[in-house]
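Here is how the chains run, residue by residue.
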Amino acid sequence: MNQLPNRRILLIDDTPSIHEDFRKILTPPVEQNLELDEMEAALFGGTVKPQAQVQAFELDSAYGGQEGLQRLCAAMEQDRPYALAFVDMRMPQGWDGAQTIEELWKVDPDLQVVVCTAYSDYSWEELLFRLQAHDRLLILKKPFDNIEVQQMANTLAAKWEMARRASLQTSHLEQLVEQRSHALQLEIDERKQLESQLVQSEKLASLGQLAAGVAHEINNPVGFISSNLGTLDGYFKQLQQMFDAYQQAEEALAPGECLEHLQTLRKGMDLEFLKEDIPILIRETKEGIGRVAQIVKDLKDFSRVDNDDKWQWANLQQGIDSTLNIVASELKYKADVVKRYQPLPDIECLASQINQVVMNLVINAAQAMGPERGTITISNGTEGDRVWLEVADNGCGIAPESVQKIFDPFFTTKPVGEGTGLGLSLSYGIVKKHHGDISVTSEVGKGTTFRVILPIRQTAVEQYPLSTS
Ligand SMILES: Nc1ncnc2c1ncn2[C@@H]1O[C@H](COP(=O)(O)OP(=O)(O)OP(=O)(O)O)[C@@H](O)[C@H]1O
Ligand SMILES: [Mg+2]
């Protein structure tokens, strides 16, 4: 926008001589002004005032309402608006003053207007009522005094200028406010993100600690139970030899009192059955203990208590299997798990965090099941220098309007207390940390598939600092 003070005036009057008069009043020749100023300076001292030139008006003429509107439109298009217009009230051809002013204001509502009238078809009140713009309209009664015209032009041009500055300032302020609130929103988003990362590291840390604690607690009894079983097994074998010896002695010797007693005892306790069953019990117990030991190992693998959170080469399928063992109780009544594994190379990763991703996806899949038992299919494979993992379920699916929100922290459709809405946002963070990708396809009522892609090797130099517990 033009930053010089706006001294542009539009005169709309059907009498040519009026234009001559206005021109003399508002745009006196510069030399004449200068001459007068010089005389004034010579007579009274002081210097020639430079504003004589600056304050000159620029006067455009139109001889009817329509022509006036055209000029106004052209001026607006060139971004050179008029500060004010003098409009003759009575113009027998075409629009009269009132209609002209209405049309002018439709194009430029900021235009200040002076109505020039000798007599009018409207009373002043009628005119004001019709134009509804008491603050932009002045009346100039003909015949007018030169000084009146000059004063009006000066005052209204100044008023226009002030209004423009005020509105510029307002829009500048509005802009500032908008910038600030944008910055504030960014800050809020960033904080949310940080907060969720914090929760992530805490969640991971506490899970790790929990798993490590459980593993430790179980490890001790498992140790002595399995060692005791070994010993018991040995003892039983010795006892069995003893029994066998008795039996042989019983058969070889002649019947007697003592033998009779032994025989009744043996028949009563069904020694044959005991000899068969005890070894079976011991074998089963050993198996059970073996399974407990495996769970402990899985817990350790899952939480990686031994090697903490380090970038390492790990087998994704092993990670998935230990994770499945950990969440077995969550899945048991909800879904069957189908594994479609293909041979995979080890990948460079933060193994316990990848396990965390798998756990979130599998638990979400289980939670998506309705009353009917569903199926969770876990597949994986390689694709160039990356591996992919898919967790697919035939659960409730995700509504299209929710899909873009599921990775946002705290977005959940689960009842309060059941979901925090952090699972996927944490998983997203972990996958991104691995320079990988996570995506979803879903159909309501059919099911959902999450696909995670991870690079085999973390070639990027920059590896994120790890959370410490
Ligand atoms: N397999 C899925 N099937 C259907 N909806 C899903 C599935 N996975 C995620 N969602 C939707 O995405 C939302 C966000 O999942 P996210 O794991 O981040 O949080 P949550 O499961 O609600 O809570 P949290 O994981 O913190 O316990 C879920 O509330 C659910 O609406
Ligand atoms: Mg979840």
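Everything here concerns the structure above.
Residues numbered from 1 in each chain as written. Chains lettered and ligands numbered in written order. Predicted model: local features only at pLDDT ≥ 70, side-chain atom pairs only at ≥ 80, totals over all residues. Heavy atoms only, no water.

Draft legend 1. Looking closely at helix α4 (residues 65-77). Between the first and last C-alpha of α4 there are 18 Å, a value that for 13 residues agrees with the 18 Å anticipated at 1.5 Å per step. Buried residues of α4: G65, G68, L69, L72 and A75, and no others. Take α4 and look down its axis: the buried residues cluster within an arc of 125°, on one side only. Residues of α4 that are exposed and angled more than 90 degrees away from the buried face: Q70 and E77. At its buried positions, α4 is contacted by β1 (8-12), β2 (58-62) and α5 (97-107). D79 occupies a position one or two residues after α4 and carries a positive phi of about 60°. (Helix = DSSP H or I, 4+ residues; strand = E, 2+ residues; numbered from the N terminus. Expected span 1.5 Å × (residues − 1). Buried < 20%, exposed > 50% of the residue type's maximum accessible area, 1.4 Å probe, protein only. Arc of directions from axis to C-beta. Contact = heavy atoms within 4.5 Å.)

Draft legend 2. Quick peek at the side chain of N6. Within the secondary structure layout, N6 lies in the segment before β1. The class of N6 is buried, set by a relative accessible area of 6%. Among the polar contacts made by the side chain of N6, one reaches the main-chain amide nitrogen of R8 at a distance of 2.9 Å. Looking at N6, its side chain comes within polar contact range of the main-chain oxygen of P81, at 2.9 Å. Beyond its immediate stretch of four places on either side in the chain, N6 contacts P81, Y82, A83, A157, W160 and E161. (Polar contact = N/O pair within 3.5 Å; in protein donor to acceptor, adjacent residues only side chain to side chain.)

Draft legend 3. The sheet that holds strand β4 (residues 112-117), seen in detail. The parallel open sheet is built from 5 strands, whose spatial order is β2-β1-β3-β4-β5. Looking at the sheet topology across the chains shown, the edges are occupied by β2 and β5 (137-141). In this sheet, adjacent strand axes meet at a mean angle of 20° when their direction is disregarded. Direction of pairing for β1 relative to strand β3 (residues 84-88): parallel, over a ladder of 4 bridges. The partner of L10 across the bridge, within β3, is A85. Contacting β1 and β2, α4 runs over the sheet at an angle of about 140° to β2. Sitting on the sheet, α5 is in contact with β1, β3, β4 and β5, with an inclination near 155° to β3. (Pairing = 2+ DSSP bridges. Axes fitted to C-alpha atoms, helices over the stretch in contact; angles between N-to-C directions.)

Draft legend 4. Representation of the site of ligand 1 in the model. Near ligand 1 there are 21 residues, and of these T412, T413, K414, T420 and L424 occur at the shortest range. Side-chain polar atom of K414 to an oxygen atom of ligand 1: 2.6 Å apart, as the coordinates give it. One nitrogen or oxygen atom from the main chain of L424 is found 2.8 Å from an oxygen atom belonging to ligand 1. For ligand 1, the accessible surface in isolation is 590 Å², of which the surrounding protein chains cover 92%. Judged by the fraction of its atoms near the pocket grid, ligand 1 is located in the largest pocket. Classifying every residue of the shell around ligand 1 by side-chain character gives 9 nonpolar, 9 polar and 3 charged. (Near = heavy atom within 4 Å. Areas by Shrake-Rupley, 256 points an atom, 1.4 Å probe, with all protein chains shown as cover. 1 Å grid on protein atoms, 1.4 Å probe; cavity = no way out; pocket = protein on both sides within 12 Å on 5 of 7 lines; lining within 4 Å. Sits in = over half its atoms within 2 Å of the grid points. Nonpolar A, V, L, I, M, F, W, Y, C, P; charged D, E, K, R; others polar.)

Draft legend 5. Main features of the packing of α5 against helix α6 (residues 124-131). One way to put it is that α5 packs onto α6 with a least axis distance of 10 Å and a crossing angle of 25°. As far as their axial angle goes, α6 and α5 are roughly parallel. The hand of the α5/α6 crossing is right-handed. Here A98, Q99, I101, E102 and W105 of α5 come into contact with α6, specifically with L127, R130 and L131. Across the contact of α5 with α6, the residue classes tally to 5 nonpolar, 1 polar and 2 charged. (Parallel < 35°, antiparallel > 145°, perpendicular 65-115°, else oblique. Left-handed = near helix turned anticlockwise from the far one by under 90°.)

Draft legend 6. Structural view of the packing of aromatic side chains. Taken as a whole, this structure holds 4 aromatic pairs when the rule is applied. Geometrically, the ring pair formed by F22 and F86 is edge-to-face, given 4.8 Å between the ring centres and 65° between the ring planes. Taken together, the residues F22 in helix α1 (residues 16-26) and F86 in strand β3 connect sequence positions 64 residues apart. F86 carries the same exposure label as F22, and that label is buried. On the basis of an interplanar angle of 90° and a centroid distance of 6.4 Å, the ring pair of F407 and F450 is categorised as edge-to-face. Of this pair, F407 sits in the loop between α13 (400-403) and α14 (423-433) while F450 is found in strand β12 (residues 447-455), placing the two residues 43 residues apart along the sequence. Considered together, F407 and F450 belong to a single accessibility category, that of buried residues. Aromatic ring contacts, followed pair by pair, group F22, F86 and F144 into a single cluster. Over the ring of F57 we find R7; its NZ or CZ atom is 4.0 Å from the centre of that ring. The aromatic ring of W105 is capped on one face by R136, whose charged end is 4.2 Å from the ring centroid. (Phe/Tyr/Trp six-rings, centres within 6.5 Å; stacked < 30°, edge-to-face > 60°. Lys NZ or Arg CZ within 6 Å of the ring centre and 35° of its normal.)

Draft legend 7. Just the environment of G395, in detail. Considering the arrangement of structural elements, one finds G395 in the loop between β10 (386-393) and α13. Here G395 falls in the buried class, since its relative accessible area comes to 8%. Distance from G395 to S442, taken between C-alpha atoms, is 9.7 Å for residues 47 residues apart in sequence. If we ignore the near neighbours within four places in the chain, the residues touching G395 are A368, M369, G445, K446 and G447.

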